[in-house]
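Coordinates in review
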Amino acid sequence: PHLAALVLARGGSKGIPLKNIKLLAGVPLIGWVLRAAIDAGVFHSIWVSTDHDEIEKVAKQFGAQVHRRSPEVSQDSSTSLEAITEFLNHHHEVDIVGNIQATSPCLHPSDLIKVADLIQKEGFDSVFSVVRRHQFRWSEVKKGENKMTEPQNLNPAKRYRRQDWPGELYENGSFYFAKRHLIEKGYLQGGKMAYYEMRAEHSVDIDIDIDWPIAEQRVLSFGYFGKEPLKEVKLLVCSIVGCLTNGRIYVTEDHKEMVSYDYRDIVGIDLLKKRGIQVRLISDRDCSKTLSAMQLGCVAKVSVTNKLQVLKDWQEDMGLSWKEVAYLGNEESDVECLKQAGMSGVPADACAAAQKAAGYICKSRGGCGAVREFAEHIFLLLEKVNSARKQ
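Sequence order as written defines the numbering, with residues in each chain counted from 1. Per-residue local features of the predicted model are confined to residues with pLDDT of at least 70, and side-chain atom pairs are confined, for both listing and counting, to 80 or more; whole-chain, interface and lining totals are unaffected and use all residues. Based on all heavy atoms of the structure, the side-chain values leave hydrogens and waters out of the count.

With that out of the way, let us pick up the packing of helix H1 (residues 29–40) against helix H4 (residues 109–120). Orientation is described by lines fitted to C-alpha atoms, with helices fitted over the stretch in contact, and by angles between N-to-C directions that extend from 0 to 180 degrees. Note on conventions: DSSP H or I runs of at least 4 residues are helices, E runs of at least 2 residues are strands, and numbering of each starts at the N terminus. At a closest axis distance of 8 Å, the pairing of H1 and H4 adopts a crossing angle of 55 degrees. As summarised for this structure, H1 and H4 are arranged oblique, according to the angle between their axes. Judged by the sense of rotation from one axis to the other, the crossing of H1 with H4 is right-handed. Between H1 and H4, the residues in contact are Ala36, Ala37, Asp39 and Ala40 and Pro109, Leu112 and Ile113, respectively. In terms of residue class, the contact of H1 with H4 is built from six nonpolar, no polar and one charged. Roughly parallel means an angle under 35 degrees; roughly antiparallel means over 145; roughly perpendicular covers 65 to 115; every other angle is labelled oblique. The handedness criterion is simple: a crossing whose near helix is rotated anticlockwise from the far helix by less than a right angle is left-handed, and one whose near helix is rotated clockwise is right-handed. Only heavy atoms enter the contact rule, under which two residues are in contact if any of them lie within 4.5 Å. Amino acid classes used here: Ala, Val, Leu, Ile, Met, Phe, Trp, Tyr, Cys and Pro are nonpolar; Asp, Glu, Lys and Arg are charged; the rest, including Gly, are polar.

Written out as structure tokens, the structure reads:
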């Protein structure tokens, strides 16, 4: 049977405009679940249903196909079931739909693999995700009612200790898998049903975690970053023009060139060095005088015609794996380096080709704190590496 992953990503959002492609820890929100779906390797096709051009662009960038949904199922009042039904009406080859929520960025491929087995090998008609909660519930008393609240799942005289109570299962909204015949009858859950219990730390829902920085910390701690395990970064190579500087060149009356930089980026480079990470600089322009004036104390190579070759030479000379190399670039000349490095980033104003190749897109522009921001991102991922080692 044809199993299709389907992510519903409408352009309208009352809370956060274009939330589905807003950067979360440097990656568009929808990118986290698409990465997990692709790496799971269980789907015959992976789709994003959207009504917005920018979401379509990001979806294709992450390797998904796009179904352009109609205005009728793109309203605030439109339901997921309506959007999924419309998708099936246009894709008769699909037998099973795995509806994955874009707002669940801590989804892992291992979860999707197990669910695919439940519905394909064990014969379930629908499978949905749940999480175990240890929360005591009480009946609601509406204002003006003359009655007391009542316990719903506990005896107040004998309150459970957490370790003595298995808790209860709640839908976490991460995914809903269902066979075509159920959806055509108007159900996402029905027939022979099963739930799949996700780990609590993976049950991050952006609809609930309204505070974006908190959600970013959760994703950095528990998100899925790819098939290969993260390694400790030992070298950062940074493109000078457009990353360390803003790319502008000021010419004085006596024909001297001047550039500007952000002191926060200099602090970021110093912090990287203190953590034992080498920082090297690269440029296709001759920036010798600029570097001399900045007094960064970094190995640098300028007037470079082949940045990738220089990067390879440095990597080999230091005896590093590519997973131990980070690269910050912003132009088409950086694209191959961004693809090769284990960790890659670009400033917010990088060219489209560089943004597509990068794993992290900074909020800051080039020459305006992007180096410092990328350094902070490296530090957060180093914490994740160290945490994995302890486990």
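Next up on the list: the sheet that holds strand S14 (residues 299–301). One requirement defines pairing of two strands: DSSP has to find at least two bridges between them. On the basis of which strands lie adjacent, the open sheet formed by six strands has the order S14-S13-S10-S15-S16-S17 and parallel pairing. With one partner strand each, in any of the chains shown, S14 and strand S17 (360–361) form the two edges of the open sheet. As paired strands, strand S13 (residues 278–282) and S14 are joined by three bridges and run parallel to one another. Across the sheet, the residue bridging to Ile282 is Lys301, located in S14.

Here we come to helix H6 (residues 212–222). Each residue's exposure class comes from its accessible area (1.4 Å probe, protein chains only) as a fraction of the maximum for that residue type: buried when under 20%, exposed when over 50%, partly exposed otherwise. Of the positions making up H6, those classed as buried are Trp212, Ala215, Glu216, Val219 and Leu220. Considered in projection along H6, the buried side chains sweep an arc of 135 degrees and stay on one side of the axis. Throughout, the arc means that of the directions going from the helix axis to the C-beta atoms.

Right, let's get into the sheet that holds strand S1 (residues 3–8). Pairing within the open sheet is mixed, and its seven strands lie in the order S5-S4-S1-S6-S8-S7-S9. The open sheet has two edge strands with one neighbour each: strand S5 (65–68) and strand S9 (193–197). Direction aside, the axes of adjacent strands within the sheet are offset by 30 degrees on average. Note: strand S7 (residues 126–133) against S9, five bridges, orientation parallel.

Our focus in this paragraph is the pattern of salt bridges. The salt bridge criterion pairs a side-chain nitrogen of Lys or Arg with a carboxyl oxygen of Asp or Glu, the two atoms within 4 Å. Evaluation of the coordinates by the stated rule reveals 20 salt bridges. As a salt-bridge pair, Glu201 and Arg199 come within 2.5 Å of each other at their nearest N and O atoms. A salt bridge links Lys234 to Glu324, with the shortest nitrogen-to-oxygen separation between them at 3.4 Å. Here Lys234, found in the loop between H6 and strand S10 (235–239), pairs with Glu324, found in the loop between helix H10 (307–317) and strand S15 (325–328); they are 90 residues apart in sequence, far enough to count as distant. Since its relative accessible area comes to 37%, Lys234 is described here as partly exposed.

Our focus in this paragraph is the domain arrangement of the chain. Throughout the structure description, domain borders are defined by an automatic or database domain assignment. Partitioning the chain into structural domains gives domain 1 (3–134 + 164–222) and domain 2 (235–389). Computed from C-alpha coordinates alone, the two centres of domain 1 and domain 2 are separated by 35 Å. On the domain 2 side, the residues contacting the ten residues of domain 1 number eleven residues. Buried surface area refers to the total accessible area, computed with a probe of radius 1.4 Å, that the two partners give up upon joining, counted for both partners together. Across the interface of domain 1 and domain 2, roughly 850 Å² is buried in total on both sides, 57% from carbon and sulfur atoms. Of all residues in domain 1, Leu23, Gln61 and Leu220 bury the most surface against domain 2, accounting for 54% of the area lost on that side. The interface formed by domain 1 and domain 2 includes one salt bridge. Note that Lys363 is salt-bridged to Glu216, the shortest N-O span being 3.3 Å. What qualifies as a polar contact is a pair of N or O atoms within 3.5 Å, subject to a donor-acceptor requirement within protein and to the restriction that residues adjacent in sequence count only when both atoms come from side chains. Put simply, domain 1 and domain 2 have one residue pair in polar contact (both at pLDDT 80 or more) between them. No other element matches H6, which puts five residues into the side of domain 1 that touches domain 2.

Turning to the pairing of strand S16 (residues 343–346), a few remarks are in order. Residues Met343 and Gly345 of S16 are buried on one face, and the alternating residues Ser344 and Val346, pointing to the opposite face, are buried as well. Pairing analysis gives three bridges linking S15 to S16, with the strands arranged parallel. Each residue of the ladder has a partner; that of Ala326, found in S16, is Met343. Handedness of the crossover joining S15 and S16 through helix H11 (residues 335–340) is recorded here as right-handed. With two bridges joining them, S16 and S17 adopt parallel strand pairing. When the sheet's bridge partners are listed, Gly345 is paired in S17 with Tyr360. Consider the strands pointing away from the viewer: the crossover is right-handed when the path from the first strand over the helix to the second runs clockwise.

Attention shifts here to the packing of aromatic side chains. Only centres within 6.5 Å qualify two rings of Phe, Tyr or Trp (six-membered ring in Trp) as a pair; their planes then separate them into stacked at under 30 degrees, edge-to-face at over 60, and tilted for everything else. Inspection of every chain in the model, using the stated rule, returns eight aromatic pairs. Seen from their ring centres, Trp32 and Phe225 are 5.2 Å apart, and the 85 degrees between their planes marks the pair as edge-to-face. Linking Trp32 in helix H1 with Phe225 in the loop between H6 and S10, this pair joins segments that are 193 residues apart in sequence. Between the aromatic rings of Phe136 and Trp165, the centroid separation amounts to 5.1 Å while the plane-to-plane angle is 20 degrees, which identifies the pairing as stacked. With Phe136 in the loop between S7 and strand S8 (168–179) and Trp165 in the loop between S7 and S8, this residue pair connects regions lying 29 residues apart in the sequence. Here Phe136 falls in the partly exposed class, since its relative accessible area comes to 25%. Here Trp165 falls in the buried class, since its relative accessible area comes to 11%. Think of it as a cone above the ring: NZ of Lys or CZ of Arg counts as a charge over the ring if it is within 6 Å of the ring centre and within 35 degrees of the ring normal. It is Arg35 that lies over the ring of Trp32; its NZ or CZ is 5.0 Å from the centre. A cation over an aromatic ring shows up here: Lys192 above the ring of Phe124, its NZ or CZ 4.7 Å from the ring centre.

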